[in-house]
Amino acid sequence: MKVYFLRHLQVLFDTLGRMIRSPLPTFMAIMVLSIAITLPLLLFKIAESLDSVETRWQGKPQISLFLTLSGPDVDNRSREFGQELLGFHGISDIEYISPIEALTEFKRTSEFGPILDRLPENPLPPLLVVFPNESLTNGVVEQMATQLSLRPEVDTVSYDGEWIQRFSGIITVFKQVLYVLAVLMGLGIVLIVSNTAHLEILSRRDEIEIVDQIGGTRMFIRRPFLYFGALQGVFGALLALILTNASLLVISYPVNTLASLYETDFKIQWVGFASTAAVVFAAGVLGWVAARVTIGNYLKRL
Amino acid sequence: MIRFNQVYKRYPNGFDALKNISLFIPQGSITFLTGHSGAGKSTLLKLMSLSEVSTRGQVMVNDVDLAGLRGNKIAKHRRSVGCVFQDHKLLHDRTVQDNVALPLIVAGVNDRECRSRARAALDKVSLLDKANRYPVSLSSGEQQRVGIARAVVGRPKTLLADEPTGNLDPGLADEIMKLFFMFNQLDVTVLIATHDTRHLADARAGIVELSDGQIVSDQHP
Ligand SMILES: Nc1ncnc2c1ncn2[C@@H]1O[C@H](COP(=O)(O)OP(=O)(O)O)[C@@H](O)[C@H]1O
Ligand SMILES: [Mg+2]
């Protein structure tokens, strides 16, 4: 048993040694593999990040009602209207933002402060932010928004559910494309590794023949090629993870800047440890399988 | 012990390389297999190492009927038969010692024993001083001795050699033949295919002559 493990280790190191001794073809193969893995991985990370944005927004859908009310007692009348709405079915909370508050906030966050100061009167309407029950579906919330827009007190309604829906639709399509890409990636790994394994087999066919002649079992003959395939997959995946994280680093700065403009806490997420382990494992297994099929086919003809 | 019972071999192209071969070679004997080029000598040896399978008839080596062997049993059978080839079939990216140790590694023998047995086998063929060289730096005769050391390192009961002196000049060929007789002394059954008639005079050896795939004479000492 000890001998058996030792032999496995020897084959592993022997295979590594072979790969290092022909650095250029090895590197090329691993590079091609890593590119095949990087693309879907990168898209996956982006989808994951978008996903977190989507769920965060979907957690608190809101309808903004810009009111027609004006005059000196605008605050009271607006609040009364808010109280009335709070009694409606499906509305969990109401927040009132007075024209003065809105103006102050607007001055604070924009560069129009000095111009706004010069305006004779506050142009901003009173605003009621309606929070529907979180259990309501997008469709119901949309109906609610339409009904509220019919009220005379309401000037315009802005409801962000519509584009959230569109957004999540896009993400769904994106994810489906991703599944297809993941399958293609798996296929790509298998094809690339079986090609390089085939070349490796050809370059070692004398050895295969001799070992077969002197009584090496099929398992013994296959072993170095299985390690070869698995190692290629693993190295390809590791390089792909480096490439992916590097790409994420490159796009994270503009994306984070963009996100802060929209005041979302959207953040590019690095490929975590669990995903890293999963990708490396999957690529290793696929490499192993590819090599196994290739050497199996070759030995059948021996 | 080697036994052939009405064995036929037809190659996929329809050529009958062996026709109705019946043969008995006792354990511990040494036998020359001779005949013109194309007579079927190599084919007969290949049936014994299962590089080819007979089309009809029974081949027994070391009391094992080869017809029923599959998968790992074939590998196990090959480990019990040492083979020497005309073109040596050495691995050029491994040292002489590693080449000789290969059958032991394949058999799952531990490193220390591999080393000591490979060196003992190299000592028998007088090449211990070249254990760490690579085959390319050896002469053809030396390479063939490495091949013989590799064939005997696993202590097989049967040793098969296909034209082992084919590429060697007479002096070296005699040395190689001496080695086969030496291993035969250790109760190894030796079968040597050769068309070199010089060695056939040795009184200790049996002679089986093939012609066009059939046995034309079978002499025992
Ligand atoms: N793989 C093969 N396919 C077809 N014919 C073969 C094959 N191997 C050998 N032969 C033919 O079988 C005959 C015997 O070959 P072989 O056993 O190599 O003879 P020897 O070793 O006595 O010279 C020859 O005529 C050869 O052409
Ligand atoms: Mg021949």
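Please read these numbers as outputs of a predicted model, since none were measured by experiment. Each chain carries its own residue numbering, running from 1 in the direction its sequence is written. Each chain takes a letter, starting from A, and each ligand takes a number, starting from 1, following the order in which they are written. Local features are withheld for residues below a pLDDT of 70 in this predicted model, meaning they are given only at 70 or higher, and side-chain atom pairs are given and counted only at 80 or more; totals for whole chains, interfaces and linings count all residues. Where side-chain values are given, they derive from all heavy atoms of the structure, hydrogens and water being excluded.

1. Things to note about the overall build of chain B
Item 1. Per the secondary structure count, chain B includes six helices and 10 strands.
Item 2. Radius of gyration: C-alpha atoms only; globule rule: 2.2 Å multiplied by the number of residues to the exponent 0.38. Whereas a compact globule of 221 residues would reach a radius of gyration of roughly 17 Å, chain B reaches 17 Å, a difference of no more than 12%.
Item 3. Dimensions of chain B, computed from C-alpha atoms along their principal axes, come out at roughly 45 × 40 × 35 Å.
Item 4. Between buried and exposed lies partly exposed: a residue is buried under 20% and exposed over 50% of the maximum accessible area for its type, with that area taken using a 1.4 Å probe on protein chains only. Put simply, chain B has 221 residues, and 52% of those count as buried.
Item 5. Expressed as a percentage of contacts within chain B between residues at least 6 apart in sequence, the contacts between residues at least 24 apart total 69%.
Item 6. Only four residue types enter the tally: Lys and Arg on the positive side, Asp and Glu on the negative side; His and the chain ends are excluded. In plain terms, the charge of a residue is placed at NZ if it is Lys, CZ if Arg, CG if Asp and CD if Glu. Seen as two clouds, the 28 positive and the 23 negative side-chain charges of chain B have centres 7 Å apart. By definition, any uninterrupted DSSP run of H or I lasting at least four residues is a helix, any uninterrupted run of E lasting at least two residues is a strand, and each is numbered from the N terminus. Residues are treated as being in contact if the distance between any of their heavy atoms lies within 4.5 Å.

2. Side note on the side chain of R94 of chain B
Item 1. Checked against the element boundaries, R94 of chain B lands in the loop between β6 (81-84) and α3 (96-106).
Item 2. Residues in contact with R94 of chain B, not counting those within four places in the same chain, are R18 and E207 of chain A together with N99, L102, Y134 and P135 of chain B.

3. A few points about the pairing of strand β1 (residues 2-10) of chain B
Residues and elements named next belong to chain B.
Item 1. Any two strands are treated as partners once DSSP identifies two or more bridges connecting them. The pairing of β1 with strand β2 (residues 16-25) spans six bridges and is classified as antiparallel. Note that in β2 the partner of I2 across the bridge is I25.
Item 2. Counting the residues in the hairpin turn of β1 and β2 gives five residues, including G14, whose phi is positive at 95 degrees.
Item 3. Note: β1 against strand β4 (residues 56-61), five bridges, orientation antiparallel.

4. A look at helix α8 (residues 205-213) of chain A
Item 1. Considered for burial, the residues of α8 of chain A that qualify are E207, I208, I210, V211, D212 and Q213 of chain A.
Item 2. Backbone geometry just downstream of α8 of chain A places G215 of chain A in the positive-phi region, at approximately 100 degrees.

5. Side note on the nonpolar core
Residue and element names in this part refer to chain B.
Item 1. Here, the term nonpolar core denotes a set of buried Ala, Val, Leu, Ile, Met, Phe, Trp, Tyr and Cys residues that are joined through side-chain atoms within 4.5 Å. In this structure, V100, L122, I148, L159, F180 and I192 are the most contacted members of the largest nonpolar core, which totals 38 residues.
Item 2. Elements with a contribution of two residues or more to this core: β3 (30-35), α3, α4 (111-124), α5 (140-152), β7 (158-162), α6 (170-185) and β8 (189-193).
Item 3. Top contributing element to this core by residue count: α6, with six residues.
Item 4. In this structure, I148 is in contact with V84, V125, I176, L179, F180 and F183, ignoring residues within four places of it in sequence.
Item 5. Formed by 26 residues, the second largest nonpolar core is a distinct cluster that contains L44, L50, L66 and V81.

6. A closer look at the interface of chain B and chain A
Item 1. Across the contact, 22 residues belong to chain B and 17 residues belong to chain A.
Item 2. Buried area adds together the accessible area that both of two parts lose upon being put together, with accessible area traced by a 1.4 Å probe. Carbon and sulfur atoms supply 57% of the area buried between chain B and chain A, which totals about 1,700 Å² over both sides.
Item 3. One speaks of a salt bridge when a side-chain nitrogen belonging to Lys or Arg is within 4 Å of a carboxyl oxygen belonging to Asp or Glu. Run the count over chain B and chain A and you get five salt bridges.
Item 4. Here E209 of chain A makes a salt bridge to K89 of chain B, at a shortest N to O gap of 3.5 Å.
Item 5. We define a polar contact as two N or O atoms separated by no more than 3.5 Å, with the added condition that, inside protein, one atom must be a possible hydrogen donor and the other a possible acceptor, whereas residues neighbouring each other in sequence contribute only through side-chain atom pairs. Linking chain B with chain A are nine residue pairs in polar contact (both at pLDDT 80 or more).
Item 6. Charged means Asp, Glu, Lys or Arg here, nonpolar means Ala, Val, Leu, Ile, Met, Phe, Trp, Tyr, Cys or Pro, and polar covers whatever is left, Gly included. Taken together, the residues of the side of chain B that touches chain A break down into 10 nonpolar, five polar and seven charged.

7. Side note on the sheet that holds strand β1 (residues 63-67) of chain A
All names here are of chain A.
Item 1. The four strands are arranged β2-β3-β1-β4 in an open sheet whose pairing can be described as antiparallel. Strand pairing shows two members of the sheet lacking a second neighbour, β2 (91-97) and β4 (154-159), which therefore form its edges. Direction aside, neighbouring strands of the sheet carry axes that sit 20 degrees apart on average.
Item 2. When β1 meets β4, the two strands line up antiparallel, connected through five bridges. Each residue of the ladder has a partner; that of F66, found in β4, is T156.
Item 3. Most of the contacts of helix α6 (residues 138-149) go to β4, to which it runs at about 165 degrees, and overall it touches β1, β2, β3 (127-132) and β4. All axes here are fitted lines through C-alpha atoms, helices being fitted over the stretch that makes contact, and every angle between N-to-C directions spans 0 to 180 degrees.

8. Quick look at the domain arrangement of chain B
Residue and element names in this part refer to chain B.
Item 1. Domain delimitation follows an automatic or database domain assignment. For chain B, the assigned domains read domain 1 (1-80 + 158-221) and domain 2 (92-155).
Item 2. Averaged C-alpha coordinates put domain 1 and domain 2 at centres separated by 23 Å.
Item 3. Listed per partner, the contact involves 13 residues of domain 1 and 11 residues of domain 2.
Item 4. For the domain 1 and domain 2 pair, buried surface summed over both sides reaches about 1,000 Å², with 78% attributable to carbon and sulfur atoms.
Item 5. Looking only at domain 1, the three residues that lose the most surface to domain 2 are R79, L179 and F183, adding up to 41% of its buried area.
Item 6. The closest approach of N and O atoms between E175 and R145, which form a salt bridge, is 3.7 Å.
Item 7. Across the contact surface, domain 1 and domain 2 share one residue pair in polar contact (both at pLDDT 80 or more).
Item 8. Here the side of domain 1 that touches domain 2 takes seven residues from α6, the largest share from any one element.

9. What to know about the site of ligand 1
All names here are of chain B.
Item 1. We define proximity as follows: a residue is near a molecule or strand when any one of its heavy atoms falls within 4 Å of that partner. By nearness alone, every residue bordering ligand 1 is listed as Y11, N13, F15, A17, H36, S37, G38, A39, G40, K41, S42 and T43.
Item 2. Contact between ligand 1 and A39: an oxygen atom at 3.2 Å from a main-chain N or O atom of the residue.
Item 3. With respect to ligand 1, the backbone of G40 contributes an N or O atom lying 3.0 Å from an oxygen atom.
Item 4. Areas reported here follow the Shrake-Rupley algorithm with a probe of radius 1.4 Å; residue values treat only the protein chains shown as occluding. Relative to its unbound accessible surface of 560 Å², ligand 1 loses 65% to contact with the protein.
Item 5. Per element, the largest residue contribution to the shell around ligand 1 is three residues, and it comes from helix α1 (residues 41-48).
Item 6. The residue makeup of the shell around ligand 1, split by class, is four nonpolar, seven polar and one charged.

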